[in-house]
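As a plain string of letters, each chain reads:
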Amino acid sequence: MSKGKLVLVSLVWLGILAIGVLTYRLWYVPTAEEKEHAEQEEVIDATSGSSQYQARVRLGLDAFSGYAILRSDEMNQQLRTRGIKLDLIDDGADYQKRLSGLAAGELQMAAFPIDALLRASQAAGSLPATIVAIIDETRGADALVAYKSKFPTVDSLNSADTKFVLVGDSPSETLVRVLLHDFQLDAVHASAIAPVSTEREVIARYKAATPQGNEVFVTWEPVVSELLVNDQMHVLIDTSSQSGYIVDALVVSRDYLIKNQDVVRQVVESYFRARYAFADDQKLAELVRRDANEAGSNITPEQAQKLVSGILWKNTQENMAHFGLQSANVPLIEDLIDRIKRVLLETKGLENDPTGGDSRKIFYEQVLSQLQTAGFHPGTAPESVRGDVELRRLSDQQWEQLTPVGTLSVPPLVFARGTAKLTGRSQSVLDELVEKLKSWPQYYVMIRGNAGAIGDATANRRLAKQRADAALQYLQTAGVADERIRAIEGELSGDMSVTFVLGQPAY
């Protein structure tokens, strides 16, 4: 055999050998390993115990203190007696990841701020989850904090230079959007919201700020209290003064709900029983403190108590009322969702409405209805439906001493020329104002009749006050409490106008 043929034969055999080695590695070795793994799994299965759980639920959430009851031993105990294993998955407040987990079946349930559910649903282009209960509403735990000298009132925010430093895609951002929607802040620039990733970054920006800077810090407890240690800072506005925007809900994958409605009902029932076990504020404060400490945020008993006073955990009866299953003076969940959507859409927090104008698409009342039909009560003592605290009647002197908070954004009222007679358009504007005032139940309303500067000043002032009185009378007829509103003399301005200023007693 010639030398060339010998080389060629050798190369062929080397190629065959290489193919054989590759085949061995790609097929035989994995097959052997898979066989060995399968045999090991069989041994493990044969020597494993039997689970006492009939269902396993993976629930997405984050470290927010409002979810402390979901993480409590009481919640686990309630579920354990029903044969349900609850696995809590903390995603660090990544709401889009949370929703995609529900859509993919990686999660079965989740806790969601309603505003975040709407934004995540819009981003996903679908509605894979629906609300089955309301967990809580923030009533003071979130706040705008600023230097007193630079920003004494909400009206002082009305500048193109104002910057809101906050954690993006959070209740803090929603609070700012509510403010921009409801108050006369038309000069604030579209880029005023300056999002950061964590509350630690908010604190860092605060430490680098100066009293005459343009930054306002929007955050939650206990960070709010940390900023207020500086007596030059104050709370401009917080969620204790507004209602129906920062609301957390318990949601479930639609696919899982269809297939496992009984399990979902038992999880909801277990949550309400756990909520009942912490009806006492002291017990709840201890739970919140322990929960925060376990998450690495060491807070004091005083801070825990402040958190408890800033979060309104919803009980069974309040849920029944919100979902329209019993009558009470609380907003229906459909109206809550509509209100939140309106703010987000009008402030560009949402590009479009993920529900297509039908808020019924993201809540489901049948789980609660089944509990009601079964005569469910979480404990022996009755629960009450808590409404907003009614404002006390003020004396004339107290009205004069009210501290202005901010001027509401209200379209100009139109009157018949030279009179105090409201036109149909003005009545429609006032009807919308009635709804807006429901969002700020803890503030008084000063109705200012501002007089035109041209002509007889006395006559102008008289007409301006008459127009303010006409607006007041209409609001009273529409259901705004008498003790909450007062018509007052305004200012000599360029034109005749009526403005609506929220105020609070000086402390």
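Bear in mind the structure is a predicted one, so any value in this text is a computation, not a measurement.

Caption draft 1: Structural detail: empty space enclosed by the protein. Tallied over the entire structure, the rule returns 1 cavity of 30 Å³ or more. Counted as a void, the largest cavity has a volume near 30 Å³. For the largest cavity, the full set of lining residues is Tyr147, Lys150, Phe151, Ala209, Thr210, Pro211, Gly213, Asn214 and Glu215. Residue composition of the lining of the largest cavity, grouped by class: 4 nonpolar, 3 polar and 2 charged.

Caption draft 2: Structural detail: the pattern of salt bridges. Evaluation of the coordinates by the stated rule reveals 28 salt bridges. Among the salt bridges present, the one from Arg273 reaches Glu269, with a minimum N-O distance of 3.5 Å. In this pair, Arg273 and Glu269 both sit in helix H9 (residues 261-277), 4 residues apart, roughly one turn of the helix. Classification of Glu269 by relative accessible area gives buried; the value is 11%. For Lys341, the salt bridge is made with Asp353, and the minimal N-O distance between the two is 2.9 Å. Of this pair, Lys341 sits in helix H13 (residues 333-346) while Asp353 sits in the loop between H13 and helix H14 (366-373), and the two are 12 residues apart along the sequence. Overall, the relative accessible area of 4% leaves Lys341 in the buried class.

Caption draft 3: Fine view of the packing of aromatic side chains. One pass over the full model with this rule turns up 8 aromatic pairs. On the basis of an interplanar angle of 35 degrees and a centroid distance of 5.9 Å, the ring pair of Tyr95 and Phe112 is categorised as tilted. Within this pair, whereas Tyr95 is found in helix H3 (residues 95-104), its partner Phe112 is found in strand E3 (residues 109-113), the two being separated by 17 residues in sequence. Arranged with centres 6.2 Å apart and planes meeting at 80 degrees, the rings of Phe323 and Phe363 form a pair that is edge-to-face. One end of the pair, Phe323, is in the loop between helix H12 (316-322) and H13; the other, Phe363, is in the loop between H13 and H14, and 40 residues separate them in sequence. By way of ring pairs, the aromatic residues Phe183, Trp440 and Tyr443 are connected into one cluster. The ring of Phe151 is capped by Lys150, whose NZ or CZ atom sits 6.0 Å from the centre of that ring. Directly above the aromatic system of Phe278 lies the positively charged group of Lys283, at a separation of 6.0 Å from the ring centroid.

Caption draft 4: Expanded view of the sheet that holds E3. With mixed pairing, 6 strands are arranged side by side in an open sheet as E2-E1-E3-E10-E4-E11. The open sheet has two free edges, formed respectively by strand E2 (84-90) and strand E11 (311-313), since each of these has just one partner strand. Sheet twist, expressed as the average angle between the axes of neighbouring strands with direction ignored, equals 30 degrees. Sheet analysis places strand E4 (residues 129-138) next to E11, joined by 3 bridges and oriented antiparallel. Looking across to E11, one finds that Asp136 is bridged to Trp313. The sheet strands contacting H3 are strand E1 (55-61), E3, E4 and strand E10 (247-253), and the helix crosses E3 at an angle near 145 degrees.

Caption draft 5: Broad picture of unusual backbone geometry. The linkage connecting Glu221 with the following residue, Pro222, adopts the cis geometry, with an omega of 5 degrees. Checked against the element boundaries, Pro222 lands in the loop between strand E8 (215-220) and helix H7 (223-228). Phi at Asp169 takes a positive value of approximately 55 degrees, unusual for a residue other than glycine. Relative to the helices and strands, Asp169 is located in the loop between strand E6 (163-167) and helix H5 (171-182).

Caption draft 6: Seen up close, the side chain of Asp248. Along the chain, Asp248 falls in strand E10. As a buried residue without a salt bridge, Asp248 has its nearest oppositely charged side chain in Arg98, at a separation of 6.8 Å. If near-sequence neighbours (up to four positions away) are discounted, Asp248 is found in contact with Phe64, Tyr67, Phe112, Pro113, Ile134, Ile135 and Asp136.

Caption draft 7: A look at the packing of helix H2 (residues 73-80) against H9. In the contact formed by H2 and H9, the axes pass within 9 Å of each other and the chain directions differ by 140 degrees. Accordingly, the angle class assigned to the pair H2 and H9 is oblique. Crossing handedness for the pair H2 and H9: right-handed. When H2 is examined against H9, the residues Glu74, Met75, Gln78 and Leu79 are found in contact with a partner set consisting of Gln266, Val267, Ser270, Tyr271, Arg273, Ala274 and Ala277. A per-class count over the contact of H2 with H9 returns 6 nonpolar, 3 polar and 2 charged.

Caption draft 8: Summary view of the side chain of Asp182. Residue placement: Asp182 occurs in helix H5. Within polar-contact distance, the side chain of Asp182 engages the side chain of His181 at 2.6 Å. In contact with Asp182, other than residues within four places in its own chain, are Tyr245, Leu408, Ser409, Lys436, Ser439 and Trp440.

Caption draft 9: A look at the sheet that holds strand E5 (residues 142-147). A sheet is described by the order of its strands in space; here 5 strands give the open sequence E7-E6-E8-E5-E9, paired in mixed fashion. One side of each edge strand has no neighbouring strand; the edge strands of this open sheet are strand E7 (193-196) and strand E9 (233-238). Pairs of neighbouring strands in the sheet enclose a mean axial angle of 30 degrees, with direction left out of account. Looking at chain direction, E5 and E8 are connected through 4 bridges and run antiparallel. If you follow Val145 over to E8, its bridge partner there is Phe217.

Caption draft 10: Representation of a negative patch on the surface in the model. A cluster of acidic residues, Glu33, Glu34, Glu36, Glu39 and Glu42, forms a negative patch at the surface. Tracing the backbone through its elements, the reader meets Glu33 in helix H1 (residues 3-46).

About the thresholds
- Residues numbered from 1 in each chain as written.
- Predicted model: local features only at pLDDT ≥ 70, side-chain atom pairs only at ≥ 80, totals over all residues.
- Heavy atoms only, no water.
- 1 Å grid on protein atoms, 1.4 Å probe; cavity = no way out; pocket = protein on both sides within 12 Å on 5 of 7 lines; lining within 4 Å.
- Points joined across faces, edges and corners; volume = space filled by probe spheres on them.
- Nonpolar A, V, L, I, M, F, W, Y, C, P; charged D, E, K, R; others polar.
- Salt bridge = Lys/Arg side-chain N within 4 Å of Asp/Glu carboxyl O.
- Helix = DSSP H or I, 4+ residues; strand = E, 2+ residues; numbered from the N terminus.
- Buried < 20%, exposed > 50% of the residue type's maximum accessible area, 1.4 Å probe, protein only.
- Phe/Tyr/Trp six-rings, centres within 6.5 Å; stacked < 30°, edge-to-face > 60°.
- Lys NZ or Arg CZ within 6 Å of the ring centre and 35° of its normal.
- Pairing = 2+ DSSP bridges.
- Axes fitted to C-alpha atoms, helices over the stretch in contact; angles between N-to-C directions.
- Contact = heavy atoms within 4.5 Å.
- Lys, Arg positive; Asp, Glu negative; His and termini not counted.
- Parallel < 35°, antiparallel > 145°, perpendicular 65-115°, else oblique.
- Left-handed = near helix turned anticlockwise from the far one by under 90°.
- Polar contact = N/O pair within 3.5 Å; in protein donor to acceptor, adjacent residues only side chain to side chain.
- Patch = residues over 30% accessible without salt bridge, like charges linked within 9 Å, V, L, I, M, F, W, Y side chains within 5 Å.
- Areas by Shrake-Rupley, 256 points an atom, 1.4 Å probe, with all protein chains shown as cover.
- Charge placed at Lys NZ, Arg CZ, Asp CG, Glu CD.

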